[in-house]
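Below, each chain spelled out in residue letters.
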Protein chains: 2
Amino acid sequence: MSKYCFGVDLGGTTVKIGLFSPEGEVIEKWEIPTRKENDGTNILPDIAKSVLAKMEERGITKESVIGVGIGVPGPVDDAGVVYRAVNLGWGVMNINEVLGGLLDIPVKAANDANVAALGEMWCGGGKGCKDLVLATLGTGVGGGIIVNEKIVTGSKGAGGEIGHMHIVDGEPDACGCGNHGCLEQYASATGIVRLAKRKLASSNEGSVLRSALEKDNLSAKAVFDAVKAGDKIACEIAEEFGMYLGKGFAAVAAVVNPEVFVLGGGVSKAGEILCGYVAKHYEKYVFHGCKNAVFKLATLGNDAGIYGAAKLVLG
Amino acid sequence: MSKYCFGVDLGGTTVKIGLFSPEGEVIEKWEIPTRKENDGTNILPDIAKSVLAKMEERGITKESVIGVGIGVPGPVDDAGVVYRAVNLGWGVMNINEVLGGLLDIPVKAANDANVAALGEMWCGGGKGCKDLVLATLGTGVGGGIIVNEKIVTGSKGAGGEIGHMHIVDGEPDACGCGNHGCLEQYASATGIVRLAKRKLASSNEGSVLRSALEKDNLSAKAVFDAVKAGDKIACEIAEEFGMYLGKGFAAVAAVVNPEVFVLGGGVSKAGEILCGYVAKHYEKYVFHGCKNAVFKLATLGNDAGIYGAAKLVLG
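Residues numbered from 1 in each chain as written. Chains lettered and ligands numbered in written order. Predicted model: local features only at pLDDT ≥ 70, side-chain atom pairs only at ≥ 80, totals over all residues. Heavy atoms only, no water.

**Observations regarding the confidence of the model for chain A**
Residues with a pLDDT of 70 or more make up 100% of chain A, whose mean pLDDT is 95. Scoring of the predicted complex yields 0.94 for pTM and 0.94 for ipTM. (pLDDT = per-residue confidence, 0-100.)

**Remarks on the relation of the copies chain B and chain A**
You can overlay chain B on chain A at an RMSD of 0.0 Å; the transform is a turn of 180° with a shift of 0.0 Å along its axis. What we have between these two chains is a two-fold relation. Here 100% of the contact residues of chain B are again contact residues in chain A; the copies associate through an equivalent surface. (Least-squares fit on C-alpha atoms with pLDDT ≥ 70 in both. Contact = heavy atoms within 4.5 Å.)

**A closer look at the packing of aromatic side chains**
All names here are of chain A. Per the counting criterion, the structure on display carries 22 aromatic pairs over all chains. Here the aromatic rings of F20 and W122 are separated by 6.1 Å at their centres, their planes lie at 40°, and the arrangement is tilted. Here F20 is found in strand β2 (residues 14–20), whereas its partner W122 is found in helix α4 (residues 112–123), with 102 residues between them in sequence. The class for F20 is buried, based on a relative accessible area of 0%. For W122, a relative accessible area of 13% translates into the label buried. Note that R194 overlies the ring of Y186, its terminal NZ or CZ placed 5.3 Å from the centroid. (Phe/Tyr/Trp six-rings, centres within 6.5 Å; stacked < 30°, edge-to-face > 60°. Helix = DSSP H or I, 4+ residues; strand = E, 2+ residues; numbered from the N terminus. Buried < 20%, exposed > 50% of the residue type's maximum accessible area, 1.4 Å probe, protein only. Lys NZ or Arg CZ within 6 Å of the ring centre and 35° of its normal.)

**Observations concerning the interface of chain B and chain A**
Listed per partner, the contact involves 43 residues of chain B and 43 residues of chain A. The contact between chain B and chain A buries some 3,100 Å² in all, and 55% of this surface belongs to carbon and sulfur atoms. Where chain B meets chain A, there are two salt bridges. In this structure, D169 of chain B and K247 of chain A form a salt bridge, with 2.6 Å as the shortest nitrogen-oxygen distance. Our enumeration of links across chain B and chain A arrives at 22 residue pairs in polar contact (both at pLDDT 80 or more). Elements supplying a minimum of two residues to the side of chain B that touches chain A: β9 (141–147), α9 (232–256) and α10 (273–285) of chain B. It is α9 of chain B that contributes the most residues to the side of chain B that touches chain A, seven residues altogether. Per-class residue counts for the side of chain B that touches chain A are 18 nonpolar, 14 polar and eleven charged. (Buried area = accessible area lost by both parts, 1.4 Å probe. Salt bridge = Lys/Arg side-chain N within 4 Å of Asp/Glu carboxyl O. Polar contact = N/O pair within 3.5 Å; in protein donor to acceptor, adjacent residues only side chain to side chain. Nonpolar A, V, L, I, M, F, W, Y, C, P; charged D, E, K, R; others polar.)

As C-alpha cells, then:
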C-alpha cells in the first residue's frame, strides 16, 4: 500500500496544503482561505475538512497517512503548543491535539519560518545537508535553524529568530519588535530601502535610484537591478547590506557552525549576486573553523512551507 | 548486574578519568599524565591501559560497561574524528575507532568545551534543562551549546565557539584566533584585565586597582574583589564586561533560545554577582521572545569534563 503525508502552511490569508509521497514528491497542492473571524475558530476545522475531503476524493485511507505537518505563524513549542499567533486571532492552542483530534491522524506543528528551513533542507537549496540556516529576507527577516536534520525550536519557541539579533549600536529607528539595531532593520526588503534612503541622503552623487526615490518606488529590487547595471551608489548599498547580513551569519556560525546558509524571501529574487555580497563579509568576520561556508538561494519559493511541514511528520 | 560508564577529560597536561553509574554518581576519579612526546602516540594507549586496569581492579566486566566517553581539546565531528589537536601533537585521528579498538568497548569522543556543557546539563548548573549554553570564562572563552539534551557539534566541529563571535568593530588588538573584536577579548580573564588597563589609563580617578596594576598583579579576580568592595572604577569595568557578554548571549539566544546560560571557568569564581551584570545587559539587547533567561554558575568545576564525557555514552 502506498504511504502519504500532508504538509500544511498556515498563513494569514490562505492555507496552502500539499499531499506528498514520503520521498518528497508533491502529488497535489491546493489552497483554502484562512477564515480569521471569531478568533480564528474555523481555521483548524476548515483544514481538517479539506484534508479529509482530499483523502475521500483519492480513496486514501487513514492507515496510509503517516501524518499531517503544519507550519504556523507564531512561536510553537516541541509539544505543538502555539502561545500566541496574533495574525490568526489565536491565544494558547495545542495544535497537535486539536487538529489531531479532528483528523484522527497524527499531527505535528512547528513555527512557519522553521518549517520552511526544514523544507529547503529536504528538497530545496540545502538538499543533502544536515546543518543548515535559512534566512527569509522579506518584509522582515525570518530564520530557521536546522541541526542534525532537526529544527532548533528553542526553550520558548524562539529558536532561529535571527532577524532580531542585535547587530548595530546606536540605531535611532526602532525595529518592529521594539528593539533598536536588529538585523531585520538592514537585511530585509524594507531594511534595504532604509539603507538606500540614508545613502542617497548622505551624498549628491548621481544614481538611477534617485528617480526611483522621487517616484516613490524605491525597493530592494530597484537597488539590486541598479547593482546589476553597475550603479555605484547601489553597489555601496549592497556592500552595506552584505556587511550586516554577513556579520549576522558569522555570529550564527559561532553558535551552530552550519554547512550551508540558504537565502529565501522576496529579496533573494535578486539572484546569485546576493550570495557574493554576503559571503565576502561573512568570511571577514567569522571564526576560522567556520570559514568557507556555502551560500545558496532557496529554490522552493512559496512551497517551502508545505514541503517542510510534510517532512515534520516523516522525522 | 550493575552497569558502569567511564568519562575521560583529555587535557594538555593531565587526563582526568571518572568511573560513573548511569545515574550520574562518580564511583571513583583519578588522573594520569598526558604524554605528548612522539606526536602524542602514547596518549590513547595510556588511557586504555588505565581504564582496563581499573576494570580489573574492581572486577568490572566489559559487558557491564556501557561505554567510554572522552572530551578532546580540538574540533571533533559526530563520527569522533578530531582534525587537529595542536596541544596534543595530533593530526587527523578517529578517536572512536582507535580508542574503541584498544578497549573493545564503545567509545564516543567530542570537543572538551561541548562535553563540559553536557556535564553541566546532566549534573551541574543546568540540571533539569534540555536547552543550555555554557560559557567557560578562563584564559579564553570556551562555549558549548546543548539543544534537546544533545551537543551541537556543527558541520566542522566548530559549534559553540562563542568566544570567537565578532562583538566589537574597530578593535585594534588581535584575538588569539587572528580576528579582531572577538567576545573572548572582553569576557575572558585576560579580556577583563585588558578592559581594566584601558579603563585605568583613560582616567585619573582613584581605584584600588591602580596599586594592583603597579604591582603587576591586576587580574579578573582583583577586579571583582574590588567590585565587591564598592570600587567605582571596578564597577564600571564589570559593567563593560557584562555589556559585551550580555550582547553575545543575546545573539546566541536569537539562534538557539536556550533556557539557561551557565557561567564556568576561573572568572566564574567571582560568584553570583557576575550573573547580575550579564543578565542586565542581555535583557537590553535580546529579542522579546527570549527574555527572562536564567543565568547560573557552573557547579562541577574541573569535573564538568568527566561528567559530560560519561553522559556522551549514555545518550
